[in-house]
Amino acid sequence: RLLLENAQELVLVCGRGERYLRRDGAAGLAVLRGASLVVGLDGCIKAVGQADVIRNQFSEATFERIIDCSGKCVLPGLVDAHTHPVWAGDRVHEFAMKLAGASYMEIHQAGGGIHFTVAHTRKATEEELFSAFKHRLQRMLRAGSTLVECKSGYGLNLETELKMLRVIERAKRSMDIGISSTYCGAHSVPKGKTATEATDDIINNHLPKLKELRLSGEIHVNNIDVFCEKGVFDLESTRRILQAGKDIELQINFHGDELHPMKSAELGAELGALAISHLEEVSDEGITAMARAKCAAVLLPTTAYMLRLKQPQARKMLQEGVIVALGSDFNPNAYCFSMPMVMHLACVNMKMSMNEALAAATINAAYALGKSDTHGSLEVGKQGDLIIINSSRWEHLIYQFGGHEALINYVIIKGKVVYQNEMCETMTSY
């Protein structure tokens, strides 16, 4: 058992079993002062409350570890709802091209972008991919992420997509960090194929193989993703792939309305998608449809920032009642591991409040992955995933732009300390 004692602030995020927070709910983020929390041997939270009440309640109990949180804040572990972390080949040279004015699609059409990464990922061994992936996950963990969505999508053929999914499965089984895995074979149209041919290959070959591997217990995929975009997969191809994924019980969670308005949001709402990512070019009708369908919008402030796109309309979505979540979109084009930096960008560039950004990076991001019943808030019965920051106000997690290396003191998953930061013992975060 683990006891976190006497936190200056204990940020529950939500305290009444909510599966998500809309704008009005995020306004009243649940925060306790002078509070303690207990995680049991099963890795789940057993009690949350005022320090003296918890002390009396557990006066007879013995704890494997007690952490004094005086002057510190305890928050739920962060949830990164959108990443592409399995790949080989570096695209640092493309950053210079972008700075010189080349657009994302210009680089893509010149054989760069996704195609460049695909060529390197196909050549890489499973061991090489796993080694790089493991280091990336460890960096995400040190920045406070305890649950991460991880996509395939740099294979574009069955053999390499399966190689990537095996790497993700191996990390799921061997590492502490939580992983929600996504098959993203429709990330781009492979060279030499049309979008229709690629769609047929995915539906007739890739998805039946995934179903077979799930039944044999070798690979368990959670979500299906398609890059629905002009010049990539059109609306009809996207519909066919997502429906085929849904038919084998995958959650729909896809890229939509990023560079051009495609009516992706309307399609997602119609198909019962759990989440749609990007949405820089979403229509007003799409926003309304997503709000009605309780389909989460996974906004990616790093991408809009790095590609100099227009910012997603976070305020309009929140006002319309959309469930807004956040992701880092970590990939060779947007090299960011840090959800605290993502939250900061969401506040500054997308005009979200700090409460809304925190809800978006915890309970709502968990909802986008179908996991908000077990993750995303500090409530009795939920998994004991949390972070302790070396500051007396939780807002420092968002206010400080970068520098989480000296702010995040502990990262705890299922009640186990998976990262303890020695730097925090010798300095304050101010």
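All of these numbers come straight from a predicted model, not from anything done at the bench.

(A) The arrangement of the UniProt feature "domain: Amidohydrolase-related" (unreviewed entry) in the protein in detail. In the numbering adopted here, UniProt assigns the feature "domain: Amidohydrolase-related" (unreviewed entry) to residues 74–418. Taken end to end, residues 74–418 comprises 44% helix and 17% strand; its first and last C-alpha atoms sit 15 Å apart.

(B) Focus on the environment of Cys424. Following the sequence through the fold, Cys424 ends up in helix 18 (residues 423–426). Sequence separation between Cys424 and Ile389 is 35 residues; the distance between their C-alpha atoms is 8.7 Å.

(C) The arrangement of the packing of helix 8 (residues 195–215) against helix 9 (residues 235–247) in detail. Running from N to C, helix 8 and helix 9 cross one another at 5°; their axes reach a closest spacing of 10 Å. Of the possible angle classes, the one that applies to helix 8 and helix 9 is roughly parallel. Facing Ala195, Thr196, Thr199, Asp200, Ile202, Ile203 and Leu207 of helix 8, the residues of helix 9 in contact are Ser237, Arg240, Ile241, Ala244 and Gly245. Taken together, the residues that form the contact of helix 8 with helix 9 break down as six nonpolar, four polar and two charged.

(D) Geometry of the side chain of Asn409. Mapped onto the elements, Asn409 comes out in strand 15 (residues 408–413). Judged by relative accessible area, which is 0%, Asn409 ranks as buried. Ignoring sequence-local partners within four residues, the contact set of Asn409 consists of Lys72, Ile388, Ile389, Asn390, Tyr419, Gln420, Asn421, Cys424 and Glu425.

(E) Examining the pairing of strand 9 (residues 223–228) more closely. With respect to burial, strand 9 is a largely interior element, six of its six residues being buried. With burial as the criterion, each face of strand 9 is covered, one bearing Asn223, Asp225 and Phe227 and the other bearing Ile224, Val226 and Cys228. Of the strand pairs in this sheet, strand 8 (residues 178–186) and strand 9 are connected by three bridges, and their pairing is parallel. Its bridge partner lying in strand 9, Ala186 is registered against Val226. With helix 8 bridging strand 8 and its parallel neighbour strand 9, the resulting β-α-β unit is right-handed.

(F) Looking closely at the sheet that holds strand 7 (residues 145–151). Pairing within the open sheet is parallel, and its eight strands lie in the order 6-7-8-9-10-11-12-13. The sheet is open, and its two borders are formed by strand 6 (78–80) and strand 13 (324–326), each paired with just one other strand. Neighbour-to-neighbour, the strand axes of this sheet turn through a mean angle of 25°, independent of strand direction. This element, helix 8, spans strand 8 and strand 9 of the sheet and lies at about 160° to strand 8.

(G) Seen up close, the domain arrangement of the protein. You can read the domains of the protein as domain 1 (2–76 + 378–420) and domain 2 (79–369). Taken over C-alpha atoms, the centre of domain 1 sits 29 Å from the centre of domain 2. Between domain 1 and domain 2, a total of about 2,900 Å² is buried, with carbon and sulfur atoms accounting for 70% of that surface. Counting every contact that joins domain 1 to domain 2 gives one salt bridge. A salt bridge links Lys416 to Asp176; the shortest N-O distance between them is 3.0 Å.

Here is what the cut-offs are and how they apply
Residues numbered from 1 in each chain as written. Predicted model: local features only at pLDDT ≥ 70, side-chain atom pairs only at ≥ 80, totals over all residues. Heavy atoms only, no water. UniProt positions renumbered as here; feature names shortened; annotations may be inferred. Helix = DSSP H or I, 4+ residues; strand = E, 2+ residues; numbered from the N terminus. Axes fitted to C-alpha atoms, helices over the stretch in contact; angles between N-to-C directions. Parallel < 35°, antiparallel > 145°, perpendicular 65-115°, else oblique. Contact = heavy atoms within 4.5 Å. Nonpolar A, V, L, I, M, F, W, Y, C, P; charged D, E, K, R; others polar. Buried < 20%, exposed > 50% of the residue type's maximum accessible area, 1.4 Å probe, protein only. Pairing = 2+ DSSP bridges. Right-handed = clockwise from strand over helix to strand, strands pointing away. Domains from an automatic or database assignment. Buried area = accessible area lost by both parts, 1.4 Å probe. Salt bridge = Lys/Arg side-chain N within 4 Å of Asp/Glu carboxyl O.

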